[in-house]
Amino acid sequence: MDIQTQTEGPEIADDRAQRLAKGLGVFSLGLGLAEVAAPRALARLIGVDQSAATPWILRALGAREIGHGLGIFARPKSVWTRLIGDAIDVAYVAWAFRDGKRSRLWPTMGALAAVGALDVLATLAAKRSEFSKPVTSSMTINRSPEECYARWRNFSQLPQFMRYLESVTELDERRSHWVAKSPIGVLEWDAEITAELPGRSIAWQSVSPHMPLRGRVTFEAAPGGRGTEICVEMQTAPFAKLFTRAEVNGDLRRFKQVLETGEVVVSDATSVPGLHPAQPAPQGVRR
Amino acid sequence: MRANCWMGKKDVRVETVPDPKILNSRDAIVKISSTAICGSDLHLFNGFIPTMEKGDIMGHEFMGEVMEVGRDVKNLKVGDRVVVPFPIACGACGSCLAGLYSCCENSNPNAWLAEKMMGHSPSGVFGYSHMLGGFAGGQAEYARVPFADVGPLKIPNGLTDEQVLFLSDIFPTGYMGAEMCDIKPGQVVAVWGAGPVGQFAIASAKMLGAERIIAIDRFPYRLNMALEKAGATDILNYEEVSVREALLELTGGRGPDACIDAVGMEAHGHGIPYAYDRAKQMARIDFDRTVALREAILNCKNGGVVSVIGVYGGFVDKFPMGSFMNRSLTMRTGQCHVHRYMQPLLERIMNGDLDPTFIITHRMQLGDAPKGYDTFLAKEESCMKVVLKA
Ligand SMILES: NC(=O)c1ccc[n+]([C@@H]2O[C@H](COP(=O)([O-])OP(=O)(O)OC[C@H]3O[C@@H](n4cnc5c(N)ncnc54)[C@H](O)[C@@H]3O)[C@@H](O)[C@H]2O)c1
Ligand SMILES: [Zn+2]
Ligand SMILES: [Zn+2]
């Protein structure tokens, strides 16, 4: 994945995803209204049999369809709910093959498959546009921008407050090697600094194709002599899921603790991994 | 060591748990000599504060002897006798430097949890839920005290535990409640709640020069203590008189210049508004019952101050915003910034301005903590304050 185009892409991708979702929403509403208003005519058209229950089944499917439509207009991301509807529709039509009109049912199945494919596309697009948003977080630290910058720039010390990092090794002026533990195992990548203003900002990106990642951190003097406003922006591949907003925010909070108090602050409950009551841990294991 | 642990709603037990260790270089380990049960502990006991876990050690009012110090604690040495403030504060962040110690930005390792509930996080607090850090409390034989170079106050020889123990919380809290009223000569202060915090708010309002101090509660023994020991000039038993009418009468129809809420989220009351609050609190739709707070707002003089030191946990319904806004009231509140009051109030104690021991009604061993909770909650045996000796 080319993370460069991804950073610039979210709005465009978002727009396309929204348009596709909304189109499917309109389709849901139209089909749903037809099913509710004219179930008999529709039954003839799609070839299902004309038993007494049929109009009611179609009305129920129609009501559900309208539900999808309204849901999508309220929140285009909920387009995935249509996949559930598709499964129900396919099951119904398959069942209708028992005694329905096959010459009509086959084209109906075909239409369902086509719409289903669109639904899958729309769902993926919605997910992608969700993940392609950069994660941002900021924190005010009662130290000068220069001091904050210098601490951050000392990459080998980052694991002190970035909990998921095992190690960072500086290879040369611009390049470094990163090792992280993640829910899917150990991840390793090389990163390079792409732009740097000493005391002000650092931008970096991964040069390992399997680990698309870019980030930027800025250090600005906070108004009123309150130290430094640090802003981090990270962009990463959805699968890595390493840098969620909560995680980045936690990093910054620990960075603030290190700078302002000298180390990462722990309580009895947070001194060990996992859930632990607020009482001393048996063996004094430190996270 | 032995420690009083929260095991569930209305269930605390003294259990054997591991001894605390130094975890950060600015920690100290304190061997606890005296510790107390607070109205705030009752909120935990009754299950109204979220994010408690089975096994959490309770207690945030404690003092004792320094047993061990981390390598960066230079101001304390082994053997020093200290009182520990209940909020944990780093002393170096923007909030600490502004004197807002209970809003310390570094001392709550679970700040993300508190942010979810409150928008921004306050400081960590000993023995007060995981949302406020997950720190083991002081109803125990030993406690780990983080930022021991900032919080603990060294106690000079010649003062007893009982004289200084309440510097850890309720004396400073009551004092801050009165200080936030900006009392000027001739002013009238009304205090809802004549519990330990209310008693110190009354005593402090007197030290700060209030002309008239009205205590409101329903327990005669508490009201009597307010009148005889703390320095209230008038007492109102809301079971017997209409608080509104009595306050109008006592203030020439103006209302008190300042109203202090020393009751908090478990206010008791009568009638439909109370039943409504209680039902919602039971159903966990709301954390807070606000009878006293509403009354404090509605009765405060135009342009007056409502000082809220009673603890609230979540969201408040039926808040009299119209009264509050249209009458130019000011609300001031907070968990007490204990650190900034400890030294000056210690001096007040040494000068003889106030003897805080007047509120102690029960002395027990740490092992009797569960009994202490029951007695304090039920207001049995005229219970005002329980001190546990570890
Ligand atoms: N802000 C802080 O830093 C801080 C510190 C300590 C305690 N607190 C809080 O202060 C409050 C009081 O603590 P306490 O130890 O005195 O507890 P407490 O339970 O002994 O006292 C509360 C008193 O309020 C009275 N009360 C209840 N409903 C009332 C009403 N409607 N009108 C008038 N009085 C009413 C009760 O009868 C009781 O005497 C608690 O909410 C506690 O959590 C706050
Ligand atoms: Zn307390
Ligand atoms: Zn601080």
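Cut-offs used in this document
- Once a new chain begins, its residue numbering starts again from 1 and follows that chain's sequence as written.
- The lettering of chains begins at A and the numbering of ligands begins at 1, in the order of writing.
- Per-residue local features of the predicted model are confined to residues with pLDDT of at least 70, and side-chain atom pairs are confined, for both listing and counting, to 80 or more; whole-chain, interface and lining totals are unaffected and use all residues.
- The basis for every side-chain value is the complete set of heavy atoms in the structure, and neither hydrogens nor water enter the calculation.
- By the convention used here, residues are in contact when the closest approach between their heavy atoms is within 4.5 Å.
- For any pair of parts, buried area is found by adding up, for both, the accessible area (1.4 Å probe) each one loses once the two are put together.
- The working definition used for a salt bridge is a side-chain nitrogen of Lys or Arg within 4 Å of a carboxyl oxygen of Asp or Glu.
- Each helix is a run of DSSP H or I of at least 4 residues and each strand a run of E of at least 2, with the numbering of both proceeding from the N terminus.
- Note on residue classes: Ala, Val, Leu, Ile, Met, Phe, Trp, Tyr, Cys and Pro are nonpolar, Asp, Glu, Lys and Arg are charged, and everything else, Gly too, is polar.
- Geometry is summarised by axes, namely lines fitted to C-alpha atoms with helices restricted to the contacting stretch, and by angles between N-to-C directions that run from 0 to 180 degrees.
- Angles below 35 degrees are treated as roughly parallel, those above 145 as roughly antiparallel, those between 65 and 115 as roughly perpendicular, and all remaining angles as oblique.
- The hand of a helix crossing depends on one turn: near helix anticlockwise from the far one by less than a right angle means left-handed, and clockwise means right-handed.
- The buried label goes to any residue with under 20% of its type's maximum accessible area, the exposed label to any with over 50%, and the partly exposed label to all in between, with areas taken from a 1.4 Å probe on protein chains only.
- Two strands make a pair as long as DSSP finds a minimum of two bridges between them.
- Here a donor is any nitrogen, oxygen or sulfur atom (N, O, S) within 2.8 Å of the metal, with 3.2 Å used for Na, K and Ca; water is not among the atoms considered, so some sites may look incomplete.
- Irregular is the label for any site that misses the other tests, which are tetrahedral for four donors with all angles between 85 and 135 degrees, and square planar for four donors or octahedral for six when opposite donors exceed 155 degrees and the remaining angles lie between 65 and 115.
- Near residues are defined by distance, with any heavy atom within 4 Å of the molecule or strand qualifying the residue.
- In protein, a polar contact means a hydrogen-donor-capable atom and an acceptor-capable atom, both N or O and within 3.5 Å, with residues adjacent in sequence counting only if both atoms are side-chain atoms; elsewhere, any N or O pair within 3.5 Å suffices.
- Each domain span listed reflects an automatic or database assignment of domains.

Asker: Explain the interface of chain B and chain A to me, please; I cannot follow it from the model alone.
Answerer: Often, the extent of an interface is quoted as the loss of accessible area upon association of its parts. Each partner contributes residues to the interface: chain B has 36 residues there, and chain A has 27 residues. Around 2,400 Å² of area is buried between chain B and chain A when both sides are counted, 51% of it from carbon and sulfur atoms. Here chain B is connected to chain A by two salt bridges. Note that Lys256(A) and Glu105(B) form a salt bridge whose closest N and O atoms lie 2.6 Å from each other. Counting residues per element, the ones that place at least two in the side of chain B that touches chain A are strand E4 (56-57), helix H2 (94-97) and helix H3 (111-118) of chain B. Residues belonging to the side of chain B that touches chain A are distributed by class as follows: 17 nonpolar, ten polar and nine charged.

Asker: Hey, could you run me through the packing of helix H7 (residues 145-153) of chain A against helix H8 (residues 245-261) of chain A in this one?
Answerer: The description of two packed helices rests on the angle between their axes and on the distance between the axes. Residue and element names in this part refer to chain A. Where H7 contacts H8, the axes come no closer than 11 Å and their chain directions differ by 115°. In terms of their interaxial angle, H7 and H8 are classed as roughly perpendicular. In this structure, H7 meets H8 at a crossing whose hand is right-handed. Side by side, H7 and H8 meet where Glu 147, Cys 148, Arg 151 and Trp 152 of the first sit next to Leu 252, Phe 255, Val 258 and Leu 259 of the second. Class assignment of the residues belonging to the contact of H7 with H8 gives a composition of six nonpolar, no polar and two charged.

Asker: So what exactly am I meant to see when it comes to the pattern of salt bridges here?
Answerer: Applying the stated criterion across every chain, the model contains 30 salt bridges over all chains. Asp182(B) is the partner of Arg332(B) in a salt bridge, and the nearest nitrogen-oxygen pair spans 3.5 Å. Of this pair, Arg332(B) sits in strand E16 (residues 330-333) while Asp182(B) sits in the loop between helix H5 (170-179) and strand E11 (188-192); the two residues are 150 residues apart in sequence, bridging distant segments of the chain. Under the relative-accessibility criterion, Asp182(B) is labelled partly exposed at 44%. Each member of the salt-bridge network shares a partner with another, and the members are Arg64(A), Glu65(A), Arg82(A), Asp86(A), Asp89(A) and Asp119(A).

Asker: I keep staring at the sheet that holds strand E15 (residues 305-308) of chain B and nothing clicks. Help me out?
Answerer: The pairing of strands in a sheet comes from backbone hydrogen bonds and takes either a parallel or an antiparallel form. Residues and elements named next belong to chain B. With parallel pairing, six strands are arranged side by side in an open sheet as E13-E12-E11-E14-E15-E16. Each edge of the open sheet is held by one strand with a lone partner, namely strand E13 (234-237) and E16. For this sheet the average axis-to-axis angle between neighbouring strands, irrespective of direction, equals 20°. Relative to strand E12 (residues 212-217), E11 runs parallel, the two being bridged by five bridges. What sits directly across from Val 188, in E12, is Arg 212. Strands E12 and E13 of the sheet are contacted by helix H7 (residues 220-230), whose axis makes an angle of about 170° with E13.

Asker: Help me out: how do you make sense of the packing of H5(B) against helix H12 (residues 339-351) of chain B in this one?
Answerer: All names here are of chain B. Interaxial distance between H5 and H12 falls to 10 Å at its minimum, and their mutual angle equals 100°. Relative to H12, the element H5 lies roughly perpendicular. Seen from H5, the contacting residues are Phe 171, Pro 172, Tyr 175, Met 176 and Glu 179; seen from H12, they are Arg 340, Tyr 341, Leu 345, Arg 348 and Ile 349. Across the contact of H5 with H12, the residue classes break down as seven nonpolar, no polar and three charged.

Asker: Looking at this structure, how should I read the coordination of the zinc ion (ligand 3)?
Answerer: Residues and elements named next belong to chain B. Cys 90 (SG), Cys 93 (SG), Cys 96 (SG) and Cys 104 (SG) make up the full set of protein donors to the zinc ion (ligand 3), lying at 2.3 to 2.5 Å. Seen from the zinc ion (ligand 3), its four donor atoms lie at angles of 101 to 118°, and the figure they make is tetrahedral. Sequence positions of the residues that donate to the zinc ion (ligand 3) give the spacing C-x2-C-x2-C-x7-C. Since its relative accessible area comes to 2%, Cys 96 is described here as buried.

Asker: Help me out: how do you make sense of the site of ligand 1 in this one?
Answerer: Residues and elements named next belong to chain B. Lining the immediate surroundings of ligand 1 are 30 residues, of which Ser 40, His 43, Asp 217, His 268 and Cys 336 lie closest. Contact between ligand 1 and Arg 222: an oxygen atom at 2.8 Å from a side-chain N or O atom of the residue. One of the backbone nitrogen or oxygen atoms of Val 311 is found 3.1 Å away from an oxygen atom of ligand 1. Among the elements of the structure, helix H1 (39-45), helix H6 (196-207) and E12 are those that each provide at least two residues to the shell around ligand 1. With three residues, H1 is the single largest residue contributor to the shell around ligand 1. When the residues that make up the shell around ligand 1 are grouped by side-chain class, the tally is 15 nonpolar, eleven polar and four charged.

Asker: What exactly am I supposed to notice about the domain arrangement of chain B here?
Answerer: Residue and element names in this part refer to chain B. For chain B, the assigned domains read domain 1 (2-169 + 336-389) and domain 2 (171-333). Of note, the centres of domain 1 and domain 2, computed from C-alpha atoms alone, are 25 Å apart. Each partner contributes to the interface: domain 1 provides 34 residues, whereas domain 2 provides 28 residues. Together, Phe 48, Phe 358 and Met 384 form the three largest contributors to the area buried by domain 1 at its contact with domain 2, with a combined 26%. Seen at the junction of domain 1 and domain 2, the total is zero salt bridges. Here domain 1 is connected to domain 2 by eight residue pairs in polar contact (both at pLDDT 80 or more). Breaking the side of domain 1 that touches domain 2 down by element, the ones donating at least two residues are H1 and H12.

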